[in-house]
Amino acid sequence: MKSDENWMQVAIAEARQGIGLTSPNPAVGAVIVKDDILLGKGWHRQAGQPHAEREAIADALSRHPAGVLRGSTIYVTLEPCSSHGRTPPCTQGIIDAGISRVVYGIHDPNPMHAGRAESCLQSHGVEVTSGVCTTECQSLIRAFAKKQSTGFPWVILKSAMSLDGRITRPPGEGQWLTSPKSREYVQRLRFESDAIITGGNTLCIDDPALTLRSKQLAISGQKQQPWRMVITRGSASQLPPKAQVFTDAYADRTLVQEQGDLTAALQTLADADCNTVLVEAGGTLMSAFLDAGLVDEVALFYAPMLTGGPDAGFAGVPTDIQLTDQCYTRIGNDILLRATVVHSAL
């Protein structure tokens, strides 16, 4: 017999399919089990569409006769919702389906739902177990949870640099530091994100497109191009009007924040339903985000070269930045470090 933890891992795998697609909602997965047999599974695909619990119920009913769900257990990565929004409450769907036990990973950080599912379900005779695989389930919704508690999106700093900490190569040596495989991974980071931030100086020098364009990711019809936010210390009129972000097919998804106001930029993106924001910029803007205490995660690619290039990856990084949950991955000849930033308690 599989344990609750084993079945929750299946639900977690379902939830991961929704990463980057569900904002402003979190990524959630669910599986329904009876007599240690998987009856149905599902994941939340997009805000406004059915939640994971109802996807799993529909999947089970499409493959099994009516009444099969009575006496079953549903495993959900996040506490089922108990209020009516764009979709009906999942607690009622569970009750109506005759599911007799609910196992979920973590409480919903949304104050409208937090802690309400247990009493609602138990009042209808449904057994409830919570706190299963909490670390993995919390990781799935970290951006959603941060936005619920602070009002701001989760901020990832992405940079590619040489071993001597430079983000450019000397003239005549070519543009790229990292391998094609690393650049493909950057597309994955963009897919996980709802917006990409760059600086006015980077826009003037590199004219980046900041788009999803990977052939390996199923993008068409699944995910909108991310918002593109240009932060400039001057005014929007000083930016190049012919830059790609202002002239391509997605120009309507380009925003500009003047006077270098980082907090205002993040608030604008939060108001645009962004849970996760990726910063791809020069060393000055990257350091400004770190110095302001606005960074939650770093994704740093290190290429096996010493360039002596003119531009540093970080300009004046504060000395008290600490990282945790470090994960090092070899991608081709490059090394990727992903880690979360430790924020001191106020």
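Since this is a predicted model, take the numbers as computed values, not measurements. All residue numbers refer to positions counted from 1 along the written sequence of the respective chain. Local features are withheld for residues below a pLDDT of 70 in this predicted model, meaning they are given only at 70 or higher, and side-chain atom pairs are given and counted only at 80 or more; totals for whole chains, interfaces and linings count all residues. Side-chain metrics rest on all non-hydrogen atoms present in the structure, leaving aside hydrogens and water.

**Student:** Residue-level account of the overall build of the protein chain, with values.
**Tutor:** In DSSP terms, a helix is any run of H or I states spanning at least four residues, a strand is any run of E spanning at least two, and both are numbered starting from the N terminus. The helix and strand tally for the protein chain stands at 11 helices and 13 strands. With the C-alpha coordinates aligned to their principal axes, the bounding extent of the protein chain is approximately 70 × 45 × 40 Å. Taking all 346 residues of the protein chain together, the buried fraction comes to 50%. A contact between two residues is defined here by any heavy atoms of the two lying within 4.5 Å. A fraction of 75% describes how many contacts in the protein chain between residues 6 or more apart in sequence connect residues 24 or more apart. The Shrake-Rupley method, run with a 1.4 Å probe, gives the accessible areas here. Residue values count only the displayed protein chains as cover. Summed over all atoms, the accessible surface of the protein chain reaches about 16100 Å², with 50% contributed by carbon and sulfur. For every residue, the accessible area (1.4 Å probe, protein chains only) is compared with the maximum for its type, and the residue is labelled buried under 20%, exposed over 50%, or partly exposed between those bounds.

**Student:** Tell me about the pairing of strand β3 (residues 73-78), and name the residues and values.
**Tutor:** Taking burial as the measure, the six residues of β3 include six buried ones, the bulk of the element. By the bridge criterion, four bridges tie strand β1 (residues 29-34) to β3 in an arrangement that is antiparallel. Bridge pairing links Val-33 to Thr-73 in β3. Pairing between strands is defined by DSSP: at least two bridges between the two strands are required. In the sheet, β3 pairs with strand β4 (residues 101-106) via five bridges, with the strands oriented parallel.

**Student:** If you had to explain the pattern of salt bridges to someone new, which residues and values would you point to?
**Tutor:** For this document, the term salt bridge refers to a Lys or Arg side-chain nitrogen within 4 Å of an Asp or Glu carboxyl oxygen. Overall, the coordinates contain 11 salt bridges when judged by the stated rule. One salt bridge in this structure joins Asp-296 and Lys-146, with 2.7 Å as the shortest N-O distance. Here Asp-296, found in the loop between α11 (283-291) and β11 (297-303), pairs with Lys-146, found in helix α6 (residues 142-150); they are 150 residues apart in sequence, far enough to count as distant. Two residues, Arg-228 and Asp-248, come together in a salt bridge whose shortest N-O distance is 2.7 Å. Of this pair, Arg-228 sits in strand β8 (residues 227-231) while Asp-248 is found in the loop between α9 (244-247) and β9 (254-257), placing the two residues 20 residues apart along the sequence. A residue is classified by how much of its surface remains accessible, and Arg-228, at 1% relative accessible area, is buried.

**Student:** Describe the environment of Arg-86, and please don't skip the residues or the numbers.
**Tutor:** One can find Arg-86 in the loop between β3 and α3 (90-97). Taking C-alpha positions, Arg-86 is 8.1 Å from Gln-49, a pair spaced 37 residues apart along the chain. Look past the residues within four positions of Arg-86 in its chain and what remains in contact with it is Pro-24, Ala-47 and Gly-48.

Function-wise, these values are silent; they only describe arrangement.
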